[in-house]
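# Descriptive analysis of the structure
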Amino acid sequence: MGWDKVYCYAWSATTTGEFPGVEMTDTNYKNDQGHAVYKVEVDSTYTGLVFSNGTIYNQTVDITGFKDGTAYYLKDTKDTNQHYNVDTWTYTPSN
């Protein structure tokens, strides 16, 4: 999507942070679809997250039900709020 930086904003029923959240780390790895792979550690108490480029105008749909090690990528489609839909893929670290 041409994002220079990727942020992760996470929340739970009792904890919210400040948008856009934390800047994610570029792993310098590309998945099998050619997408850059970024990583972030999310506390297990969080129940939802969104990825963005740091603005509310370029962000994903709310992601819930995620598990440790789940990898997401942005789809070309958007929801009615103009938020990018996401899908998952299997990430196997090489090290």
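See above for the structure.
It should be emphasised that the depicted structure is a prediction, and the values quoted were computed from it without experimental measurement.

## What to know about the overall build of the protein
Counting its secondary structure elements, the protein contains zero helices and eight strands. Along its sequence from the N terminus, the protein presents helices and strands in the succession β-β-β-β-β-β-β-β. A compact globule built from 95 residues would reach a C-alpha radius of gyration of about 12 Å, and the protein, at 13 Å, matches this within 12%. Summarising the internal contacts of the protein: among those between residues at least 6 apart in sequence, 43% fall at separations of at least 24. On the protein, roughly 6,600 Å² of surface is accessible, and the fraction owed to carbon and sulfur atoms is 45%. Counting 6 positive and 12 negative side-chain charges, the protein places the averaged centre of each group 4 Å from the other.

## Overview of unusual backbone geometry
With an omega dihedral of 20 degrees, the bond running from Phe-19 to Pro-20 counts as a cis peptide bond. Mapped onto the elements, Pro-20 comes out in the loop between strand E1 (7–11) and strand E2 (22–23). Although it is not a glycine, Asn-28 sits at a positive phi angle of roughly 60 degrees. For Asn-28, the location among the structural elements is in strand E3 (residues 25–30). When its relative accessible area of 72% is taken as the criterion, Asn-28 is described as exposed. With a phi angle near 65 degrees, Gln-82 is a residue other than glycine that sits in the positive phi range.

## Considerations on the sheet that holds E1
The antiparallel open sheet is built from four strands, whose spatial order is E2-E1-E5-E6. At either end of the open sheet lies a strand with only one pairing partner, and these are E2 and strand E6 (63–64). Pairing geometry for E1 and E2, over two bridges, is antiparallel. Looking at the pairing, Cys-8 lines up with Val-22 of E2.

## Focus: the pairing of strand E8 (residues 84–89)
For strand E7 (residues 71–78) and E8, the ladder comprises five bridges, and the chain directions are antiparallel. Residue pairing for E8: Lys-78 is matched across the bridge by Tyr-84. Linkage of E7 to E8, two consecutive antiparallel strands, is achieved through a turn of five residues, within which Gln-82 is found at a positive phi near 65 degrees.

## As for the packing of aromatic side chains
Inspection of every chain in the model, using the stated rule, returns four aromatic pairs. Seen from their ring centres, Trp-3 and Tyr-84 are 6.0 Å apart, and the 75 degrees between their planes marks the pair as edge-to-face. Remark: Tyr-84 occurs in strand E8 and Trp-3 occurs in the segment before E1; sequence separation between them is 81 residues. The pair formed by Trp-3 and Tyr-84 is uniform in burial state, with each residue classed as buried. Aromatic pair Phe-51 and Tyr-72: ring centres 6.2 Å apart, planes at 50 degrees, arrangement tilted. Remark: Tyr-72 occurs in strand E7 and Phe-51 occurs in strand E5 (residues 48–52); sequence separation between them is 21 residues. The class of Phe-51 is buried, set by a relative accessible area of 11%. Judged by relative accessible area, Tyr-72 falls into the partly exposed class, the value being 22%. The rings of Tyr-9, Trp-11 and Phe-19 are connected pair by pair, giving a single aromatic cluster. One residue, Lys-78, lies across the ring of Tyr-84, its end atom 4.6 Å from the ring centre.

Analysis parameters
- Residues numbered from 1 in each chain as written.
- Predicted model: local features only at pLDDT ≥ 70, side-chain atom pairs only at ≥ 80, totals over all residues.
- Heavy atoms only, no water.
- Helix = DSSP H or I, 4+ residues; strand = E, 2+ residues; numbered from the N terminus.
- Rg over C-alpha atoms; globule rule 2.2 N^0.38 Å.
- Contact = heavy atoms within 4.5 Å.
- Areas by Shrake-Rupley, 256 points an atom, 1.4 Å probe, with all protein chains shown as cover.
- Lys, Arg positive; Asp, Glu negative; His and termini not counted.
- Charge placed at Lys NZ, Arg CZ, Asp CG, Glu CD.
- Buried < 20%, exposed > 50% of the residue type's maximum accessible area, 1.4 Å probe, protein only.
- Pairing = 2+ DSSP bridges.
- Phe/Tyr/Trp six-rings, centres within 6.5 Å; stacked < 30°, edge-to-face > 60°.
- Lys NZ or Arg CZ within 6 Å of the ring centre and 35° of its normal.

The quantities given are spatial measurements derived from coordinates; they are silent on function.
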